[in-house]
Amino acid sequence: MPWGGLGGGLKEFLAVDENQLKQQLEQALATNRSLTESQVRLRAALESSERQLAAQIDNFKVELRKLEIERDAWCNRAKHEEQVVQQLSRKYGRKPVAPTPELGRLLRRLERNIAKEWRVAMEGRILQKRSEKHGKNEVRLCQVHDKELRWGHAPGPLGSSAKKLMLEEVVRIDYGLMSVAAREDGEAQATKTAGAFTNVGQSAVSLASVGKSALFNAAANVGLMQALPWLCFSLLTLERSYDFICPDEHAARCFVVVISRICEGVAVGGVRGRQQFESLKGWCKLKTWCKQEGTSVPKALLEAVRRVAAELPPPVPDAEQQDIHWPAEAESDGTQDVSSFLSGYPSPSSSQTMDLMEFCGESQPSRTGRSISGASVGSSTSVKIKPSLRSVPFRPPPGKTLPKEGQTWVFTGAVDSVDVFKDPDGTEQVNQMKCRAANQDRRMVTIVSAPAGHPMIEIRGTDKMKFVKGWIHLSDASGSWVVEQAPKAK
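First things first, this report covers the structure right here in the doc. Since the model is a prediction, treat every value here as computed from it, not as a measurement. (Residues numbered from 1 in each chain as written. Predicted model: local features only at pLDDT ≥ 70, side-chain atom pairs only at ≥ 80, totals over all residues. Heavy atoms only, no water.)

A look at the packing of aromatic side chains
Considering all chains together, one arrives at five aromatic pairs under this definition. With a centroid separation of 5.4 Å and 20° between ring planes, the pair formed by Phe233 and Phe244 is classed as stacked. Remark: Phe244 occurs in strand β7 (residues 241–245) and Phe233 occurs in strand β6 (residues 232–236); sequence separation between them is eleven residues. Residue Phe233 is classed as buried on the basis of its relative accessible area of 2%. What links up through ring pairs into an aromatic cluster is the set Trp151, Phe233, Tyr242 and Phe244. It is Arg240 that lies over the ring of Tyr242; its NZ or CZ is 3.9 Å from the centre. (Phe/Tyr/Trp six-rings, centres within 6.5 Å; stacked < 30°, edge-to-face > 60°. Helix = DSSP H or I, 4+ residues; strand = E, 2+ residues; numbered from the N terminus. Buried < 20%, exposed > 50% of the residue type's maximum accessible area, 1.4 Å probe, protein only. Lys NZ or Arg CZ within 6 Å of the ring centre and 35° of its normal.)

Rendered as structure tokens:
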């Protein structure tokens with residue numbers, strides 16, 4: 001092939017490659033320009049978003065500050081109201097009697113308000129559920145939804161596979177030492193303790209010969225208790241029981257109070273509110289401690305009274321106080337009960353009854369307004385007693401006879417309604433009874449008890465008012481009797 005023809009073909013090939021390279025370069029430059037423009041747009045959008053977020057954050061900070069100020073204001077107001085309540089409680093020593101029936105109903109409804117417990121139970125808490133099949137504790141998220149108790153694997157949330165119990169099927173609620181979890185743990189740990197005692201060379205005894213109570217005490221003393229009784233509750237149906245162990249006292253209160261409210265009127269063993277729950281929890285702790293120490297509740301109270309009396313300072317002389325010499329403490333082997341211990345001391349001339357806090361000389365005022373200055377047992381002390389309803393004998397006016405137990409009396413109509421109290425000292429109002437029925441007939445009551453010389457009588461309603469029972473005053477503020485003996489039927 002001649003050289004001239006070869007050079008011409010090479011030039012054509014190079015020209016074609018040069019054109020292709022130019023086209024590719026132009027395409028790359030165009031792509032670069034497009035990417036640059038996109039980057040500019042994205043940067044502008046990012047800066048705009050940052051400005052908007054910064055503005056929103058500033059707005060949220062302002063709103064948060066306002067909420068904090070409002071919260072602090074409400075907290076200060078709550079503290080002020082609490083101080084006012086404490087001052088009134090110290091002044092009167094008891095709850096003020098409702099001046100109107102409407103206010104009385106409102107106060108009773110507020111006492112039964114469990115909105116805080118409802119919120120916690122609906123949000124759910126992680127509890128331990130005792131497995132009926134395996135007998136082991138399983139960690140579960142439990143929630144109260146409508147009238148159902150639902151539980152599932154923690155930490156949740158609960159889905160369609162969650163198990164549930166219709167609370168309307170519950171026939172009994174057991175809390176504390178009566179719950180299945182507390183009883184089973186006590187027996188199981190007592191059995192382990194018996195085996196441990198046998199392994200360390202102590203006297204090998206059988207469970208039947210020692211008894212479950214002694215082994216339970218031994219297990220508690222060596223620290224083998226697992227479930228605290230005051231954190232356990234059981235729900236019993238006609239088929240089986242559902243047993244739960246709460247992580248703390250607050251969760252136990254929320255679930256027990258809410259479930260009791262849902263099962264009210266259906267299941268037995270429920271609690272009416274947080275006050276009754278706190279009382280049950282306190283007694284549960286006391287009984288558990290007594291069981292661990294191998295003693296009884298009366299002996300524990302007697303030891304506490306003696307210990308506090310021994311630590312009291314000497315009495316301060318007071319001209320207004322009357323001296324009462326207490327006899328020296330009799331020697332005993334520690335088996336003396338509270339009633340025999342207290343019966344050895346003279347009562348004041350006004351036959352005034354004293355509660356445990358007053359006897360121990362605590363500075364805390366009692367509900368009835370009586371106070372006792374402390375003293376030590378076996379020494380001379382002085383007791384200051386304020387007058388109460390029982391301090392002055394009540395005498396009927398001429399021509400009036402006191403009611404007797406079993407009689408039927410009728411309201412006189414001197415007042416529209418009477419307050420019904422729980423105790424004969426009139427410190428806790430539980431109800432209010434209208435003196436006339438809907439047809440304006442005077443209502444009748446049955447006398448349950450009428451202590452001699454006492455201004456209050458215990459009554460029970462008749463007919464549709466039989467559910468009303470308590471203590472009422474015989475006369476009103478002006479001295480007019482509110483009841484009189486009903487005429488005998490002809």
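Points about a nonpolar patch on the surface
Side chains of Leu103, Leu106, Leu107 and Leu110 sit close together on the surface and give an oily, nonpolar patch of about 320 Å² of accessible area. Checked against the element boundaries, Leu110 lands in helix α2 (residues 101–111). (Patch = residues over 30% accessible without salt bridge, like charges linked within 9 Å, V, L, I, M, F, W, Y side chains within 5 Å. Areas by Shrake-Rupley, 256 points an atom, 1.4 Å probe, with all protein chains shown as cover. Salt bridge = Lys/Arg side-chain N within 4 Å of Asp/Glu carboxyl O.)

Regarding the sheet that holds strand β2 (residues 137–145)
Spatially, the seven strands line up as an open sheet ordered β4-β3-β2-β1-β7-β6-β5, and their pairing is antiparallel. At either margin of the open sheet sits one strand with a lone partner, and together these are β4 (163–166) and β5 (172–175). The average angle at which neighbouring strand axes cross in this sheet is 30°, direction not considered. Of the strands in this sheet, β1 (125–130) and β2 are in contact with helix α3 (residues 115–123), which crosses β2 at around 125°. (Pairing = 2+ DSSP bridges. Axes fitted to C-alpha atoms, helices over the stretch in contact; angles between N-to-C directions. Contact = heavy atoms within 4.5 Å.)

Quick look at the nonpolar core
Generally speaking, nonpolar side chains in soluble globular proteins are found buried as a group. In terms of nonpolar packing, the biggest core is built from 32 residues, with Leu149, Leu167, Val170, Phe233, Leu235, Phe244 and Ile259 touching the most fellow members. Listing elements by their share of this core, those giving two or more residues are β2, β3 (148–153), β5, β6, β7, α7 (249–262) and α8 (274–293). With eight residues, the top contributor of residues to this core is α7. Judged by nonpolar contacts, the second largest core, of 17 residues, contains Val418, Met433, Ile447 and Ile459. (Core = buried A, V, L, I, M, F, W, Y, C linked by side-chain atoms within 4.5 Å.)

Topic: the environment of Phe255
Tracing the chain through its elements places Phe255 in helix α7. As for Phe255 and Leu149, which are separated by 106 residues in sequence, their C-alpha atoms are 9.7 Å apart.

Points about the pairing of β3
Across a regular strand the side chains alternate sides, sitting on one face of the sheet and then on the other. The buried count for β3 comes to five of six residues, which makes it a mostly enclosed element. In textbook terms, the turn of a hairpin is the stretch between consecutive antiparallel strands, and for β2 and β3 this stretch comprises two residues, one of which, Asp146, has a positive phi near 55°. Pairing geometry for β3 and β4, over four bridges, is antiparallel. Bridged to Glu148 within β4 is Met166.

Quick word on the pairing of strand β14 (residues 456–461)
Counted residue by residue, β14 has five buried out of six residues, so it is predominantly covered. The pairing of strand β13 (residues 444–449) with β14 spans four bridges and is antiparallel. Following the sheet pairing, Ile447 is matched in β14 by Ile459. Count of turn residues in the β13/β14 antiparallel hairpin: six residues, of which Gly453 carries a positive phi of about 75°. Both β14 and strand β15 (residues 469–473) contribute to a ladder of five bridges, which runs antiparallel. If you follow Met456 over to β15, its bridge partner there is His473.

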